[in-house]
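Report on the structure
Residues per chain are reported as follows:
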Amino acid sequence: MKTKNGLILFLAAFIWGTAFVAQSMGMDYLGPFAFNGIRSFVGGVALLPCIVLLNTISNKTEERKESAPNRDRRTLVMGGVCCGLCLFAAGSLQQIGLQYTTVGKAGFITAFYIVLVPVLGIFLKKRIGLKVWAAVLLSIAGLYFLCITEAFTIGKGDMYVFLCALIFSIHILVIDYFAPKTDGVKMSCIQFFVVGILSLPFMFMFETTTFEAVLKSAGPILYAGVMSSGVAYTLQIIGQKNMNPAVASLILSLESSISVLSGWVILGQSLSAREGLGCVMMFAAIILAQIPDKARR
């Protein structure tokens, strides 16, 4: 069972890692807000059959709970809206950043949220150990080699993606607050529709979007929407069931390495030796941050 779950989680990481290529290719004809908005609507629609399927399975295996339906519905909507606001900000920054940086660098910088989450937990009065602080220092060193040039300047795209990682870490904490109180898949579906709705005014104000451009970007949109949002999210839920959270996080963190490989194989993007060293240090920090403490182990 654990081997099967591990393979399912690896497939989710593979889809998310290769989705960076789709996100980059999708902006050949569309602006970041148009691509992010359309893919989010597609992702929301893709989750609808998943919700129906999971509800059917749930109804067959356990009794339906009827207690406080209105309260549950309010929590679900509130969680979906709050997660959608964070995802809109993070996703928009990531799409804008991909216009100015490579797929591999974007994947590793985005993965920095894994280190940022426990650090931000300080504000929620959650203790963090020396292991996490060591991971933070290692990741900062990795970011230096990955993003800072020899002229001591940071790329515009790297800065956008770093801000994206910061907001993604807030997004994780928001999910951590609402997920135990409501249905995670339904909340995710709502958040995707919120992102799509919020993207529309920015798309009309700052970008010129045509039907022809949408058709030309149909492949990347469908992959990023259906596979990255609908399929991968469902695989994560199935794969994490009865799985050690630390092991699950380690497998999912392979997303950053896969993004580098897919950018190299599909787009011909390569990293310099300096940037490669930064990636290695970032990956080591990600793994270090996810290793469970002795007490938890």
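For the structure given in this document, a descriptive report is provided here. (Residues numbered from 1 in each chain as written. Predicted model: local features only at pLDDT ≥ 70, side-chain atom pairs only at ≥ 80, totals over all residues. Heavy atoms only, no water.)

Helix and strand counts for the chain stand at 13 helices and zero strands. Tracing the chain from N to C terminus, the helices and strands come up as α-α-α-α-α-α-α-α-α-α-α-α-α. Per-residue burial for the chain yields a buried fraction of 48% across its 297 residues. For the chain, the accessible surface area stands at approximately 15,400 Å², while carbon and sulfur atoms represent 68% of it. (Helix = DSSP H or I, 4+ residues; strand = E, 2+ residues; numbered from the N terminus. Buried < 20%, exposed > 50% of the residue type's maximum accessible area, 1.4 Å probe, protein only. Areas by Shrake-Rupley, 256 points an atom, 1.4 Å probe, with all protein chains shown as cover.)

Tallied over the entire structure, the rule returns two salt bridges. Lys-105 is paired through a salt bridge with Asp-158; the nearest N and O atoms lie 3.1 Å apart. Residue Lys-105 is found in helix α4 (residues 103–110), and its partner Asp-158 is found in helix α7 (residues 156–178); the two are separated by 53 residues along the sequence. Each member of the pair, Lys-105 as well as Asp-158, carries the same accessibility label: buried. A salt bridge links Lys-216 to Glu-212; the nearest nitrogen and oxygen atoms lie 3.4 Å apart. (Salt bridge = Lys/Arg side-chain N within 4 Å of Asp/Glu carboxyl O.)

Here we come to the packing of α4 against helix α12 (residues 255–267). Taken N-terminus to C-terminus, the directions of α4 and α12 make an angle of 170°; their axes are 7 Å apart at the nearest point. Comparing their axes, α12 and α4 come out roughly antiparallel. Residue-level contacts link Val-103, Gly-104, Gly-107 and Phe-108 of α4 to Ser-256, Ser-257, Ser-259, Val-260, Ser-262, Gly-263 and Leu-267 of α12. Considering only residue class, the contact of α4 with α12 consists of four nonpolar, seven polar and no charged. (Axes fitted to C-alpha atoms, helices over the stretch in contact; angles between N-to-C directions. Parallel < 35°, antiparallel > 145°, perpendicular 65-115°, else oblique. Contact = heavy atoms within 4.5 Å. Nonpolar A, V, L, I, M, F, W, Y, C, P; charged D, E, K, R; others polar.)

This next bit is on the nonpolar core. Of all hydrophobic cores here, the largest spans 55 residues; its most connected members are Leu-47 and Phe-112. A per-element tally of this core places helix α3 (residues 69–97) first, with eight residues. Setting aside chain neighbours within four positions, we find Leu-47 in contact with Val-185, Ser-188, Cys-189, Phe-192, Ser-229, Gly-230, Tyr-233 and Thr-234. Ranked by size, the runner-up nonpolar core spans nine residues in total, among them Ile-8, Ala-12, Trp-16 and Ile-251. (Core = buried A, V, L, I, M, F, W, Y, C linked by side-chain atoms within 4.5 Å.)

The end-to-end C-alpha distance of helix α6 (residues 130–147), which contains 18 residues, comes to 25 Å, matching closely the 26 Å that a straight helix rising 1.5 Å per residue would cover. Taken as a whole, α6 has its buried residues at Lys-131, Val-132, Ala-135, Val-136, Ser-139, Gly-142, Leu-143, Leu-146 and Cys-147. Viewed end-on, α6 has its buried residues packed into an arc of 135°, placing them on one side of the element. More than 90 degrees from the buried face of α6, the exposed residues found are Leu-130 and Leu-137. (Expected span 1.5 Å × (residues − 1). Arc of directions from axis to C-beta.)

Counting across every chain of the model gives seven aromatic pairs. Ring geometry for Tyr-177 against Phe-178: centres 4.9 Å apart, planes inclined by 90°, an arrangement best described as edge-to-face. Residue class for Phe-178 comes out buried when judged on its relative accessible area of 11%. Site record: aromatic cluster; members linked through ring pairs are Phe-33, Phe-88, Phe-202 and Phe-206. If you follow Lys-156 out to its NZ or CZ, it ends over the ring of Tyr-100, 4.2 Å from the centre. (Phe/Tyr/Trp six-rings, centres within 6.5 Å; stacked < 30°, edge-to-face > 60°. Lys NZ or Arg CZ within 6 Å of the ring centre and 35° of its normal.)

Quick look at a nonpolar patch on the surface now. Taken together, the side chains of Met-25, Leu-261, Trp-264, Val-265, Ile-266 and Leu-267 present a nonpolar region at the surface, about 600 Å² in accessible area. With five residues, the top contributor of residues to the nonpolar patch is α12. With relative accessibility at 35%, the residue Met-25 sits in the partly exposed group. (Patch = residues over 30% accessible without salt bridge, like charges linked within 9 Å, V, L, I, M, F, W, Y side chains within 5 Å.)

Take the side chain of Ser-169 next. Relative to the assigned elements, Ser-169 resides in helix α7. Overall, the relative accessible area of 0% leaves Ser-169 in the buried class. Setting aside residues up to four positions removed in sequence, Ser-169 forms contacts with Tyr-113, Leu-116, Val-117 and Leu-120.

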